[in-house]
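# Descriptive structure summary
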Amino acid sequence: MASSEEDGSAEDKENNKKKTKRPFVTAWLTIYNIAMTAGWMVLAVAMIRFYIQKGTHKGLYKSISRTLKFFQTFALLEIFHCAFGMVRTSVIVTGVQVCSRIFMVWFVTHSIKQIQNEESVVLFLVAWTVTEITRYSFYTFSLLNHLPYFIKWARYNLFIVLYPVGVAGELLTIYAALPYVRKSGMLSVRLPNKYNVSFDYYICLIIVMLSYIPLFPQLFFHMLRQRRKVLHGEVMVEKED
Ligand SMILES: CCCCCCCCCCCCC/C=C/C(=O)SCCNC(=O)CCNC(=O)[C@H](O)C(C)(C)COP(=O)(O)OP(=O)(O)OC[C@H]1O[C@@H](n2cnc3c(N)ncnc32)[C@H](O)[C@@H]1OP(=O)(O)O
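Residues numbered from 1 in each chain as written. Predicted model: local features only at pLDDT ≥ 70, side-chain atom pairs only at ≥ 80, totals over all residues. Heavy atoms only, no water.

- Where an unreviewed UniProt entry is consulted, the chain appears under the name Very-long-chain (3R)-3-hydroxyacyl-CoA dehydratase, with the organism given as Acipenser oxyrinchus oxyrinchus.
- One UniProt comment on the chain, placed under Sequence similarities (unreviewed entry), says "Belongs to the very long-chain fatty acids dehydratase HACD family."
- For the record of the chain, the UniProt heading Pathway (unreviewed entry) holds the text "Lipid metabolism; fatty acid biosynthesis." (UniProt positions renumbered as here; feature names shortened; annotations may be inferred.)

### Regarding the pattern of salt bridges
- Throughout the structure, instances matching the rule amount to four salt bridges.
- One salt bridge in this structure joins Glu132 and Arg101, with 3.0 Å as the shortest N-O distance. Taken together, the positions of Glu132 in helix α6 (residues 119-143) and Arg101 in helix α5 (residues 91-109) put the pair 31 residues apart, joining distant regions of the chain.
- Through salt bridges with shared partners, a single ionic network connects Glu78, Arg101, Glu132 and Arg135. (Salt bridge = Lys/Arg side-chain N within 4 Å of Asp/Glu carboxyl O. Helix = DSSP H or I, 4+ residues; strand = E, 2+ residues; numbered from the N terminus.)

### What about the UniProt feature "transmembrane region" (unreviewed entry) in the chain?
- Within this structure's numbering, the places UniProt gives as "transmembrane region" (unreviewed entry) are residues 25-48, 68-86, 158-178 and 199-221.
- Helix and strand shares over residues 158-178 are 95% and 0% respectively, and the end C-alpha atoms of the span are 30 Å apart.
- Across residues 199-221 one finds 91% helix and 0% strand; the C-alpha atoms that close the span lie 33 Å apart.

### Thoughts on helix α2 (residues 23-54)
- In this model α2 runs 46 Å from its N-terminal to its C-terminal C-alpha over 32 residues, within 8% of the 46 Å that 1.5 Å per residue would give.
- Following α2 by one or two positions, Gly55 adopts a phi angle in the positive range, close to 70 degrees. (Expected span 1.5 Å × (residues − 1).)

### Description of the packing of helix α3 (residues 60-74) against α6
- Packing of α3 against α6 brings their axes to within 12 Å, and their N-to-C directions diverge by 40 degrees. If you check the angle between α3 and α6, you find them oblique. The handedness of the crossing between α3 and α6 comes out as left-handed. Across from Leu60, Tyr61, Ile64, Leu68 and Gln72 in α3, the residues of α6 making contact are Val121, Val122, Leu125 and Trp128.
- Looking at the contact of α3 with α6, its residues break down into eight nonpolar, one polar and no charged. (Axes fitted to C-alpha atoms, helices over the stretch in contact; angles between N-to-C directions. Parallel < 35°, antiparallel > 145°, perpendicular 65-115°, else oblique. Left-handed = near helix turned anticlockwise from the far one by under 90°. Contact = heavy atoms within 4.5 Å. Nonpolar A, V, L, I, M, F, W, Y, C, P; charged D, E, K, R; others polar.)

### Let's talk about the packing of α3 against α5
- With their axes 10 Å apart at the nearest point, α3 and α5 run at an angle of 140 degrees to one another. Relative to α5, α3 is oriented oblique. As α3 runs across α5, the sense of the crossing is left-handed. Together, Tyr61, Leu68, Lys69, Gln72 and Thr73 of α3 and Arg101, Ile102, Val105, Trp106 and Thr109 of α5 make up the contact between the two elements.
- Looking at the contact of α3 with α5 residue by residue, the class counts come to five nonpolar, three polar and two charged.

### Description of the site of the ligand
- What surrounds the ligand is a group of 33 residues, the closest being Thr89, Arg155, Tyr156, His222 and Gln226.
- Tyr156 places a polar side-chain atom, nitrogen or oxygen, 2.5 Å from an oxygen atom of the ligand.
- Listing elements by their share of the shell around the ligand, those giving two or more residues are α5, α6, α8 (159-184) and α9 (201-240).
- Ranked by the residues each element gives to the shell around the ligand, the list is headed by α9, at eight residues.
- Its residues assigned to classes, the shell around the ligand shows 16 nonpolar, 10 polar and seven charged. (Near = heavy atom within 4 Å. Polar contact = N/O pair within 3.5 Å; in protein donor to acceptor, adjacent residues only side chain to side chain.)

Following this line, the structure appears as structure tokens:
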């Protein structure tokens, strides 16, 4: 059984390992997170300005879609960040999170134009934007070792509301798209064909909606665990003092 000093040194080693990233990794992640914070802030300002000028959400998605597609697609890099050990995050959790966003942006709102003005699109856009500004600024300030408490608080508390709101917006948007997909048969392959393969995008959307049932709780409880680790861990240190 190791002594408390050895335990202490092992704990110190773990903390040091956690804190010390390779310099070029820190530099890249800092640049990446600053760029993503700025991108989502540009999106937030554009949405606010659109609504102030037009007084309606009709046309909002079209006005910000290029910025949204760029920065949400750029987030695919985060799967590589995990896979190459640049950050301490589960590849699976990040993969599900990023893929769900990419699916919504490219295979729902970009592909099915009829639903772009649904109120549910605004619901998930607002949830995503507030979340990502908070998340990327949290990572930025963490890397710079100057993390304001309100950003840490926001990072590990806002998701409790924003996750359900965003998921509701996504599911309502997919549900609104179903009639258009069924009528048009878009992105589907019917039999008979030379490959003898069929694909029904309408069924695919229903399967994706059902997949939220097992997958969303995994993400939400992951965030609750991160919240307990980061906030509860801080409280534990204060009690010991
Ligand atoms: C083919 C079809 C696919 C369809 C799939 C459908 C599935 C549908 C089910 C899922 C539905 C989800 C829908 C999503 C909706 C929304 O997002 S609504 C808006 C609200 N959302 C959120 O609040 C979630 C935001 N996302 C995240 O927080 C992350 O993506 C996460 C992966 C879910 C959790 O992040 P994670 O990194 O695991 O936690 P943290 O505590 O923040 O970080 C852990 C450590 O990793 C470090 N780190 C991570 N990234 C970076 C980075 N870019 N730069 C620097 N550091 C990073 C972080 O600092 C932590 O480090 P340590 O302190 O050392 O632990």
